[in-house]
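# Analysis of the macromolecular model
Here is what each chain is made of, one letter per residue.
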4 protein chains.
Amino acid sequence: MATSVFDSPMWGGQYRDPDLAQLFTDSADLRAMLLAEGALALAQGDAGLIPKDAATGIHRAAMTVALDPAALAAGTAAAGVPVPAFVAAFRKALPDRSIGPWIHFGATSQDIMDTSLVLRLRRVVEIYDERLSALIATLGNLAEAEAETVMAARTRGQNATPTTLGARVAAWGMPLLRHRARLAELRPRLLVVSLGGASGTLAAMDGKGPEVAAGMAKALGLGVPDMPWHSARDTLVELGNWAAMLAGMLGKMGADILFQSQSDLAELRAGAAGGSSTMPHKQNPVGAELLVQLGRAAPAQLAGLHQAMIFENERDGAAWGQEWLTLPPLLTLAGRGLLSAQDLASTLVPDRVAMTRPFAAHGGVMFAEACSFALAAHMPRPEAQAMVKTACATALDTGRPLREVLEAECDAPLDWEALFDPLKNAGEAPRFARRFAALARGEDG
Amino acid sequence: MATSVFDSPMWGGQYRDPDLAQLFTDSADLRAMLLAEGALALAQGDAGLIPKDAATGIHRAAMTVALDPAALAAGTAAAGVPVPAFVAAFRKALPDRSIGPWIHFGATSQDIMDTSLVLRLRRVVEIYDERLSALIATLGNLAEAEAETVMAARTRGQNATPTTLGARVAAWGMPLLRHRARLAELRPRLLVVSLGGASGTLAAMDGKGPEVAAGMAKALGLGVPDMPWHSARDTLVELGNWAAMLAGMLGKMGADILFQSQSDLAELRAGAAGGSSTMPHKQNPVGAELLVQLGRAAPAQLAGLHQAMIFENERDGAAWGQEWLTLPPLLTLAGRGLLSAQDLASTLVPDRVAMTRPFAAHGGVMFAEACSFALAAHMPRPEAQAMVKTACATALDTGRPLREVLEAECDAPLDWEALFDPLKNAGEAPRFARRFAALARGEDG
Amino acid sequence: MATSVFDSPMWGGQYRDPDLAQLFTDSADLRAMLLAEGALALAQGDAGLIPKDAATGIHRAAMTVALDPAALAAGTAAAGVPVPAFVAAFRKALPDRSIGPWIHFGATSQDIMDTSLVLRLRRVVEIYDERLSALIATLGNLAEAEAETVMAARTRGQNATPTTLGARVAAWGMPLLRHRARLAELRPRLLVVSLGGASGTLAAMDGKGPEVAAGMAKALGLGVPDMPWHSARDTLVELGNWAAMLAGMLGKMGADILFQSQSDLAELRAGAAGGSSTMPHKQNPVGAELLVQLGRAAPAQLAGLHQAMIFENERDGAAWGQEWLTLPPLLTLAGRGLLSAQDLASTLVPDRVAMTRPFAAHGGVMFAEACSFALAAHMPRPEAQAMVKTACATALDTGRPLREVLEAECDAPLDWEALFDPLKNAGEAPRFARRFAALARGEDG
Amino acid sequence: MATSVFDSPMWGGQYRDPDLAQLFTDSADLRAMLLAEGALALAQGDAGLIPKDAATGIHRAAMTVALDPAALAAGTAAAGVPVPAFVAAFRKALPDRSIGPWIHFGATSQDIMDTSLVLRLRRVVEIYDERLSALIATLGNLAEAEAETVMAARTRGQNATPTTLGARVAAWGMPLLRHRARLAELRPRLLVVSLGGASGTLAAMDGKGPEVAAGMAKALGLGVPDMPWHSARDTLVELGNWAAMLAGMLGKMGADILFQSQSDLAELRAGAAGGSSTMPHKQNPVGAELLVQLGRAAPAQLAGLHQAMIFENERDGAAWGQEWLTLPPLLTLAGRGLLSAQDLASTLVPDRVAMTRPFAAHGGVMFAEACSFALAAHMPRPEAQAMVKTACATALDTGRPLREVLEAECDAPLDWEALFDPLKNAGEAPRFARRFAALARGEDG
């Protein structure tokens, strides 16, 4: 156990999301903070708030200066935020020190830190979208390929009636389609610049605050909010909700794979299996376990993040920190989940023989529902149900196949072969699988 | 303390949401379950799956039959869900018992329970939207009226620079505008019928399942999902996210009011104040406390709800229950919050005199930022900042007003009157207040 | 879905804990509040703070008066707590109104409400202890009886090596033994009177506060805290921790039963199984599901409760409410879990034949570890491990039994019969089962 | 924002706990895993399970070998745990490779990882105890010194009646005393060796498992559990509960300091105050904010940890990971909180003048309760209360001091000076402060 498994060299192969990890480093944060200061200066130069030369100089320096995060540690601890130390270090690092005073002109810590965050979240959102899109495509192909691969549906841990692997895969994928739509919806709310000054009033900008905010946003390729959002954390929490839901969706996929890959069933294999330190025969379903783990862990991080919503007054140091403590782990959980889910989806191998075993098990009682519906065409429904229920009990007690028991008891002219045919009993499962595949391809399912 | 404060007669005045409470009763649930069965029968009659007469009979009975929740208790406990006992009771309650077998034809418990839930959530969503809309309107008027009511902005518990009450109100309201948009987005995803049959394959419906689902949805005024969603709980969790975020937004409003109504400030009063059981002078800010309470409580319920996402296989009895345990309290928290927020917003009375006290406090150091910006026009910025910092220290130590200290020290031709005028130092605050007011009226802010 | 499943007539059979439910009603609360006021008056009479007659009168009335919770609703909502309305109603209900002013003398709402809570928690703790004790006894007997009932241990979802059902039961029971010890430890911290007056200083009691607190505690059979604990909620949160842990322990038991009762294994049956609304053959493991459900739900309630720890200043209306919202559901979850666990433990029936199936499955690879250890006595350990690993692969690929493969390959004089004997491979499992059984009987294991 | 603020160089000054951080590194983990293997080998040598020479060799090597965490990354990711790769690396690193096969003899991953964790938790517990003890001592001195420093008690955000700073400090400290007791209670449950082998049966140890476990425990200075605890996570969760409660207790202390250090009150200063990036006059209460932040964040981590309780079967890869994700951050939160709390307690400076301001504010209505009790000696209590309530209203409306209003209205011979003396109205506050101070010194308070 390391303080953070995400940052641990030893555990990194399991928990690290290389692309996201890169965005959530002090260095990436400082680079984005520099970009924010550069864009602010540029916009203030254009608005005539600071000298044009200073603006250009700051903007240029912001793209080249490199600051050492560790050197800001004492200042960060003293202020509770890195910005005062950061601004001082930036000023010191300027080729032309005389323009230093024009850095961070009329801005506050939160303007710079939140804008830095948003700049990096823009890339996070892109990464999510790319991966989600790839995962949906892979699942679409899988659903298509396995549209008629019959298997036992399980409800409440019990074998229910036949379904197909393709339909199961579609059940994983459909929510992901909705989730892409949600991402598109939240994106414009999230990706906006932060600029409010000391108290969110832009008071130090001489009436030109809104113009500066617009200019800064334009320079950074971000949107402009209706007013500064220092104390309104809904857009960040919304992203957290999205990530936690995603982790949950992938956790469901992991749980399903875990279930079917238990050695008592051995219906599925997916991902590289891990060996045991003592048992030669074991193949641990590492990837599927990880998805469940992440899915179960996400809600707790989300609960922490939501506490940030009660952001007291114009700025709240206690509430703000809830984001720092929970948002990066939560986003990483979701990102890492996508990587592992892609790996599982790409390597999923069904054992078609193992999958048919439940149909024969317990005398074939999985076909009981079908029998009771078929019989209902020949006798009152309650009688049909009672007859099947009794036959099931006999089958379970004696081990005689349900079909044999029923055929002996019932002289209705039923197509027994069809009645006990798994695919014929899988209803719309193949159709659902194919509909998802079509939607995944962008077709109208 | 009662098992549930929401159901307690004694606590009800504080926690109950009368409109939502009505929707989350066993009776309302059973009525909606009956509607679901009725619509199912109708659609199955139209599809030729069950006799037309039976269909009409069931549909009609579904609208008139009344079932006793308590009579289903034993059956519910035995099955872990009420549906088997409910179907039996519905059959018994039919005027014409012969059509009983056609009830619940090919459906499973989850179809009926989820459809019942969705039917009631449709009304919940309407209630939220109506109340949100009213609250936004009230806040809009308040923001307009108090656009220039100056007060001290507080950041990290400290007096910062002047802002206005209108801007503060706008900061409460802007996220609510975004939140109405989110509600509109999630609505079509949420308000869909549930019909999948035993394993989500509609196997018992003889190929007519999709037709039946469409017919049932139409009869109920709901949408049709791309495939059955038994094991995909994202749309419900999305509503939970929405409710928890709302509780957080209102909690922030409550926390702000609580802060300003502490007796040391007494800048605001809102809601009927509660008396103390022992102190004659006390006026407890009950409504504001409640909003904070609900906002802090919501994240925990949400974390519970999210555990439902890992919904194993085709149906998961353990995961499903997470929804029953957390969704109604969470939705109630949010609903109750809207009622209390409306009450607070409608009764909010600022004490304009008390609000100006912080401007004079501590020698008027709240104007320090403004002074340092003004001085920077007459000397290098670092010198200006240093001079103001020293003057602040003098003011804080000696009690002499900052203005007096600075005027003595500095011969720059500054407009001292304006420099220490709260409204002139409130920057864009009035403009933000009015922009929100306009957006609240549906105008383009 | 009802607002609270615990209070729902329909769902009550599943979620209600009849004994705890009785303690968490408004009426029980009011009765305990009356007892608190009665004891307070008695102690104040003894201390000479109020007239002796008034004290006796109040104390007597406190035991007979019955107040209507609903009549306090408006007052409760107005004050945010029921005490002002309760005191007024108590005064009105007095046979001799003249002693009314001496009720609640120098006390504050929290004194009465917290004392009422503690009085009821005393009974909750007793109920927990009794049930826990009974459950431990039942599990002890089961562990003893099934000490040598072999079954497959599963690690990470995979069949591992043999164990026994008795050892599994012991693994459920051992933490419960520790948990009884924890309950005994927390009890004296929890069961103390609350008396602090307006600000926790007992200022209105003329220097006799500590004496009154001691007298009140004695009258109620509670302990006396070192100082008033209005703003220190640790003892309540500690009980919440205990309850959540218990729910988790029982959830693990439920998960294990659920796993072994899946129809693909059918190794265990426990509790009355629930029928399906559509599938005649299904037996849903309702009780085991419920334990998992409660175990997964408890952490979220606990997270809500912990927010009460940040109890601002001398009394915090927002933090206090976190307890009202989460403690009763959390305690109920745990209580209900004990009832269901007792039911499962009392009805658990292993299918000894089904339990041996995994030993033969996959060619008997579950004995691989044992073989590799046995072979290591005859060749270098790495060679032994390699040979077994290869033999496992052959067995899994070809379906030939591992024993046959190894016997063919290896001429070491091994006792093959013993090597593939499940009980001989179950190590200390029987001993652990019996140790737990002894500890459960109170013997030194 | 970094993935983990605890590991960030820039944020480290604020969030890092240097002592704990050292224990939660891959290197510390590997060192402790080596110790566990060494002790296991030693005990197995003594028990005659492995050659004595091998045992000594392994034990010796375990203390000197250094492994590179990064080199285990691929193996860790493949297995989901580092142990297989670790054992291989340990074998490779042995001076005498021939003894390699005797490493990890009959043990499983969890034995080594859990023992490693417990070894490090032993030190964590010591650190907590040392710091807690120091904090209690500091608070004890403070309570003693400020036992009679009067200040306004606040209940529900309102000024209530006088108390003293010493009593407030005692209210912070009393729960810490109880919390030391809890730590002592949980310690023997927590600090036990883990040894169960593949399935928790010690099957590969030829009947000598219990002897080996005892020997291993002895070598490591740990206790011996009643049976292997692979699937019973209660002792770890209990530590998590403890840490979260501690964070909450310190959060309450932080919230109180934050409240009194708001610039509108300025009653307290504590810790080095942080400067603002734009406002020259601001002194942000960084340390107090941090305590609130940590206290609000802990419950969410705890909720995640509790999900580990549902540890399926003999080993559960998904549940286990909940501990890795949440326990180290949770323990770090608590540890860091202790450091910051000590800093705040050691630097807390009350402004005695500012603290008396609320007594005079609003006409002195804080003395209303005292007046009503004093008057009750001269007239019926309801009349006294009514008179005071009216006088309060007059005072609040007109600004006339309550004392003046009451003196004018009432001819009872009251000691008005005493009635409005804060200390005389602070009841037992000084006594409670001193009792805590005595208890903190280990005396019988």
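All figures in this text were calculated on a predicted structure; none of them were measured in a lab. (Residues numbered from 1 in each chain as written. Chains lettered and ligands numbered in written order. Predicted model: local features only at pLDDT ≥ 70, side-chain atom pairs only at ≥ 80, totals over all residues. Heavy atoms only, no water.)

## Focus: the domain arrangement of chain A
Its domain assignment divides chain A into domain 1 (1-107) and domain 2 (356-426). Computed from C-alpha coordinates alone, the two centres of domain 1 of chain A and domain 2 of chain A are separated by 70 Å. (Domains from an automatic or database assignment.)

## Observations regarding the interface of chain B and chain D
At the interface, 38 residues of chain B touch 38 residues of chain D. Together, the buried faces of chain B and chain D total about 3,200 Å²; carbon and sulfur atoms form 47% of this surface. Where chain B packs against chain D, one counts four salt bridges. Elements supplying a minimum of two residues to the side of chain B that touches chain D: β1 (150-155), β2 (158-164), α10 (234-261), α11 (286-306), α14 (368-375) and α15 (381-398) of chain B. Across the side of chain B that touches chain D, the residue classes break down as 15 nonpolar, 15 polar and eight charged. (Contact = heavy atoms within 4.5 Å. Buried area = accessible area lost by both parts, 1.4 Å probe. Salt bridge = Lys/Arg side-chain N within 4 Å of Asp/Glu carboxyl O. Helix = DSSP H or I, 4+ residues; strand = E, 2+ residues; numbered from the N terminus. Nonpolar A, V, L, I, M, F, W, Y, C, P; charged D, E, K, R; others polar.)

## What to know about the relation of the copies chain C and chain D
With an RMSD of 0.0 Å, the operation that places chain C on chain D is a rotation of 180° combined with a shift of 0.0 Å along the axis. Viewed as a symmetry operation, the transformation between the two copies matches a two-fold axis. Proximity to the rotation axis, assessed at the C-alpha, singles out A303 of chain C in chain C; its C-alpha lies 2.8 Å from the axis. Comparing contact sets, 100% of the residues at the interface of chain C also lie at the interface in chain D, consistent with an isologous, same-surface contact. (Least-squares fit on C-alpha atoms with pLDDT ≥ 70 in both.)

## Here we look at the packing of helix α12 (residues 317-347) of chain A against helix α11 (residues 286-306) of chain D
Two elements in contact, α12 of chain A and α11 of chain D, have axes separated by 8 Å at closest approach and are oriented at 50°. Relative to α11 of chain D, the element α12 of chain A lies oblique. Handedness of the crossing formed by α12 of chain A with α11 of chain D: right-handed. When α12 of chain A is examined against α11 of chain D, the residues G317, A318, G321, Q322, W324 and L325 of chain A are found in contact with a partner set consisting of E289, V292, Q293, R296 and A297 of chain D. The residue inventory of the contact of α12 of chain A with α11 of chain D, partitioned by class, reads five nonpolar, four polar and two charged. (Axes fitted to C-alpha atoms, helices over the stretch in contact; angles between N-to-C directions. Parallel < 35°, antiparallel > 145°, perpendicular 65-115°, else oblique. Left-handed = near helix turned anticlockwise from the far one by under 90°.)

## Here's the deal with the environment of K208 of chain C
Take K208 of chain C: it is sitting in the loop between α8 (165-190) and α9 (209-220). Take K208 of chain C: its relative accessible area is 29%, and that puts it in the partly exposed class. Considering only alpha carbons, one finds K208 of chain C and A247 of chain C, 39 residues apart in sequence, at a separation of 43 Å. When residues no more than four places from it in sequence are discounted, the contact partners of K208 of chain C are A47, G48 and L49 of chain C together with E428 of chain D. Looking at K208 of chain C, its side chain comes within polar contact range of the main-chain oxygen of A47 of chain C, at 3.1 Å. (Buried < 20%, exposed > 50% of the residue type's maximum accessible area, 1.4 Å probe, protein only. Polar contact = N/O pair within 3.5 Å; in protein donor to acceptor, adjacent residues only side chain to side chain.)

## Description of the packing of aromatic side chains
Counted according to the given criterion, the structure contains 40 aromatic pairs over all chains. Consider the rings of W102 of chain C and F105 of chain C, whose centres lie 5.4 Å apart with planes at 45°: the pair is tilted. Look at F105 of chain C and you get buried, because its relative accessible area is 6%. Through a chain of ring-to-ring contacts, the aromatic side chains of F6, W11 and Y15 of chain A together with W320 and W324 of chain D assemble into a single cluster. (Phe/Tyr/Trp six-rings, centres within 6.5 Å; stacked < 30°, edge-to-face > 60°.)

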